[in-house]
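What follows is the residue order along each chain.
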Amino acid sequence: MIFSQNQFVLNDSNIVFINELHYDNVGGDTLEGIEIAALSGTDLSCYKVYFVNGNNGEYYSTITLDTIIPENDWGMGFLFFLKSSIQNGSSTQGDGVALYNVCKDTLVQFISYEG
């Protein structure tokens, strides 16, 4: 399937992906979290998001994505998961977020930020 707006090709390796990460505001951190995108109706029960500390490579928090992606538009769905206290990284040591399929024991996507 091709999502023509962005010419993004969806196949078995990237049906579920991190679409947005909100981790830092001007002032106090509010409404932090992560948006997951997938084909409408996708069951996310096999997926977890791991938040990774760039100083030591260990994860400091997780989100279990135990839900179904709704229909939003053009056969795609998007869900935002609130998560307080996402680390902001630093200019020398970035942090990261990993999307992991626990049923297949597979890293789906890793995004580093800052640093």
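Up top you'll find the structure we're talking about.
What comes next is a walk through the structure.

Definitions and limits used
- Residues numbered from 1 in each chain as written.
- Predicted model: local features only at pLDDT ≥ 70, side-chain atom pairs only at ≥ 80, totals over all residues.
- Heavy atoms only, no water.
- Helix = DSSP H or I, 4+ residues; strand = E, 2+ residues; numbered from the N terminus.
- Buried < 20%, exposed > 50% of the residue type's maximum accessible area, 1.4 Å probe, protein only.
- Contact = heavy atoms within 4.5 Å.
- Areas by Shrake-Rupley, 256 points an atom, 1.4 Å probe, with all protein chains shown as cover.
- Phe/Tyr/Trp six-rings, centres within 6.5 Å; stacked < 30°, edge-to-face > 60°.
- Core = buried A, V, L, I, M, F, W, Y, C linked by side-chain atoms within 4.5 Å.
- Patch = residues over 30% accessible without salt bridge, like charges linked within 9 Å, V, L, I, M, F, W, Y side chains within 5 Å.
- Salt bridge = Lys/Arg side-chain N within 4 Å of Asp/Glu carboxyl O.
- Disulfide = S-S within 2.5 Å.

Considering the overall build of the chain
Piece 1. Across its full length, the chain carries 0 helices and 9 strands.
Piece 2. The secondary structure elements of the chain, listed N-terminal to C-terminal, are β-β-β-β-β-β-β-β-β.
Piece 3. Each of the 115 residues in the chain was classed as buried or not, and the buried ones make up 33%.
Piece 4. When contacts within the chain are restricted to residue pairs at least 6 apart in sequence, those whose partners lie at least 24 apart make up 56%.
Piece 5. For the chain, the accessible area works out to roughly 6600 Å², and carbon and sulfur atoms hold 49% of it.

A closer look at the environment of Ile34
Piece 1. If you trace the backbone, Ile34 turns up in strand E4 (residues 33-39).
Piece 2. Measuring from C-alpha to C-alpha, the distance between Ile34 and Lys83 comes to 7.4 Å, with 49 residues separating the pair along the chain.
Piece 3. Beyond its immediate sequence surroundings of up to four residues, Ile34 is in contact with Ile18, Glu20, Val49, Ile63, Leu79, Phe80, Phe81 and Val97.

A few points about the packing of aromatic side chains
Piece 1. For the structure on display, the rule yields 4 aromatic pairs.
Piece 2. Here Tyr50 and Tyr59 contribute two aromatic rings whose centre-to-centre distance is 4.8 Å and whose plane-to-plane angle is 75°, an arrangement assigned as edge-to-face.
Piece 3. Since its relative accessible area comes to 16%, Tyr50 is described here as buried.
Piece 4. For the ring pair Phe51 and Tyr60, a centre distance of 6.2 Å and an interplane angle of 45° mean the geometry is tilted.
Piece 5. Tyr60 sits in the partly exposed class, given a relative accessible area of 29%.
Piece 6. Ring pairs connect the aromatic residues Tyr50, Tyr59 and Tyr100, which therefore count as one cluster.

A word on the nonpolar core
Piece 1. Membership of the largest hydrophobic core comes to 18 residues, with the highest contact counts inside it found for Ile34, Ile36, Leu44, Val49, Leu65 and Leu99.
Piece 2. Among the elements of the structure, E4, strand E5 (47-52) and strand E8 (95-101) are those that each provide at least two residues to this core.
Piece 3. In this view, Ile36 contacts Val16, Phe17, Ile18, Leu44, Val49, Leu65, Ile69, Gly77, Phe78, Leu79, Phe81 and Leu99; residues no more than four positions away in its chain are not counted.

Observations regarding a nonpolar patch on the surface
Piece 1. A contiguous nonpolar patch, built from Leu31, Phe80 and Leu82 and spanning about 340 Å² of accessible area, is present on the exposed surface.
Piece 2. Structurally, Leu31 can be placed in the loop between strand E3 (17-22) and E4.

Concerning the state of the cysteines
Piece 1. Counted under the stated rule, the structure contains 1 disulfide.
Piece 2. A sulfur-sulfur distance of 1.9 Å marks the disulfide that ties Cys46 to Cys103. Between Cys46 and Cys103, the disulfide has an S-S torsion of -80° and is therefore left-handed. Residue Cys46 is located in the loop between E4 and E5, and its partner Cys103 is located in the loop between E8 and strand E9 (106-113); the two are separated by 57 residues in the primary sequence.

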